[in-house]
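Inside the fold
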Amino acid sequence: MLTIAVSKGRIYEEALPLLEEAGITPIDDPKKCRKLILQTSRDDVQLVIIRATDVPTFVEYGAADLGIAGKDVLLEHGAESLYEPLDLKIASCRLMTAAPNDAPDISGRVRVATKYVKTAQRYFASRGIQAEIIKLYGSMELAPLVGLADCIVDLVDTGNTLKANGLEPRDLIMNISSRLVVNKAAMKMKHQAIQSLLDQFEKTLAER
């Protein structure tokens, strides 16, 4: 049995066509039930539905053989212990800094609000900027407006939320998309089954 960890929301919705083209169709719809383990049309594959930030942990510790996670989550997790064989080209967006429209360029010493603490620390250190990182789990856009931070680091898709709150995107840290990750031990022990699945995903992506 192969277990694939995936999160609800945009990643699941965009991964579903890929899964279905690989012959993996969930029997239950996670939008209509509270099940966290979903059986599929393949007897040898099940899905576990978890928080996006938990996907690399489930895969790293072998609770799932494979996972589908955003590159932002993998960067923050520090997923050196995982294989990352495929960029699935789904749930694409940008990880960026953002600041109030009239704020000066980010330099010197700054306070940064973000949930991407490790990634932000690495980024600002690489630019020689001394950054005090303030961890928030949401509503990052509010931080500069109420004086909590000078700027933020967050995912940006259309930029409409930033604009509505008087902020503008500044520096691109990385283009983000969702990746397929694999547990290293599972890759050895279940090599044939996992490689077959990887081949199917690669074929599907090539045909898009």
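Here, the structure is the one placed above.
Residues numbered from 1 in each chain as written. Predicted model: local features only at pLDDT ≥ 70, side-chain atom pairs only at ≥ 80, totals over all residues. Heavy atoms only, no water.

1. Quick word on helix α8 (residues 191-207)
With 17 residues, α8 ought to run about 24 Å at 1.5 Å a step, and its terminal C-alpha atoms sit 24 Å apart, in line with that. Residues of α8 that are buried include every one of Ile194, Leu197, Leu198, Phe201, Thr204 and Leu205, and no others. For α8, the arc enclosing every buried residue in end-on projection is 125°, short of the 170-degree limit, so these residues lie on one face. Away from its buried face, by an angle of more than 90 degrees, α8 presents the exposed residues Gln192, Ala206 and Glu207. Considering only its buried residues, α8 is in contact with β1 (2-7), α1 (10-21), β4 (66-70), β5 (82-87), β11 (178-183) and α7 (184-189). (Helix = DSSP H or I, 4+ residues; strand = E, 2+ residues; numbered from the N terminus. Expected span 1.5 Å × (residues − 1). Buried < 20%, exposed > 50% of the residue type's maximum accessible area, 1.4 Å probe, protein only. Arc of directions from axis to C-beta. Contact = heavy atoms within 4.5 Å.)

2. What about the packing of aromatic side chains?
Within the structure shown, the criterion is met by one aromatic pair. The interplanar angle of 75° and the centroid separation of 5.2 Å between the aromatic rings of Tyr123 and Phe124 together place this pair among those described as edge-to-face. The residues Tyr123 and Phe124 share a single accessibility class, namely buried. (Phe/Tyr/Trp six-rings, centres within 6.5 Å; stacked < 30°, edge-to-face > 60°.)

3. Concerning the pairing of β1
With six of six residues buried, β1 lies mostly within the body of the structure. Of the two faces of β1, the one lined by Leu2, Ile4 and Val6 and the one lined by Thr3, Ala5 and Ser7 are each fully buried. Both β1 and strand β3 (residues 45-50) contribute to a ladder of six bridges, which runs parallel. For Leu2, the partnering residue across the bridge sits in β3 and is Val45. Two strands pair when backbone bridges link them, and β1 and β4 are joined in this way by three bridges, in the parallel orientation. Bridging from a neighbouring strand, Ala5 pairs with Gly67 of β4. (Pairing = 2+ DSSP bridges.)

4. Description of the environment of Asn183
Here Asn183 shows up in strand β11. When the C-alpha atoms of Asn183 and Pro100 are compared, they prove to be 41 Å apart, with 83 residues separating the residues in sequence. Every residue in contact with Asn183, bar those within four places of it in the chain, is listed here: Val59, Glu60, Tyr61, Gly62, Ala64 and Asp65.

5. As for a nonpolar patch on the surface
A cluster of nonpolar side chains, contributed by Leu142, Leu145, Val146 and Leu148, occupies part of the molecular surface with about 350 Å² of accessible area. For Leu145, the location among the structural elements is in helix α5 (residues 142-145). (Patch = residues over 30% accessible without salt bridge, like charges linked within 9 Å, V, L, I, M, F, W, Y side chains within 5 Å. Areas by Shrake-Rupley, 256 points an atom, 1.4 Å probe, with all protein chains shown as cover. Salt bridge = Lys/Arg side-chain N within 4 Å of Asp/Glu carboxyl O.)

6. Here we look at the sheet that holds strand β7 (residues 109-114)
Read across the sheet, five strands follow the order β8-β7-β9-β6-β10 without closing on themselves; strand pairing throughout is mixed. Of all the strands in the sheet, the pair left with one neighbour each is β8 (130-135) and β10 (167-176). Mean inter-strand twist for the sheet, computed between neighbouring axes without regard to direction, equals 30°. Pairing analysis gives three bridges linking β7 to strand β9 (residues 151-156), with the strands arranged parallel. Residue pairing across strands places Val112 opposite Cys151, the latter belonging to β9. (Axes fitted to C-alpha atoms, helices over the stretch in contact; angles between N-to-C directions.)

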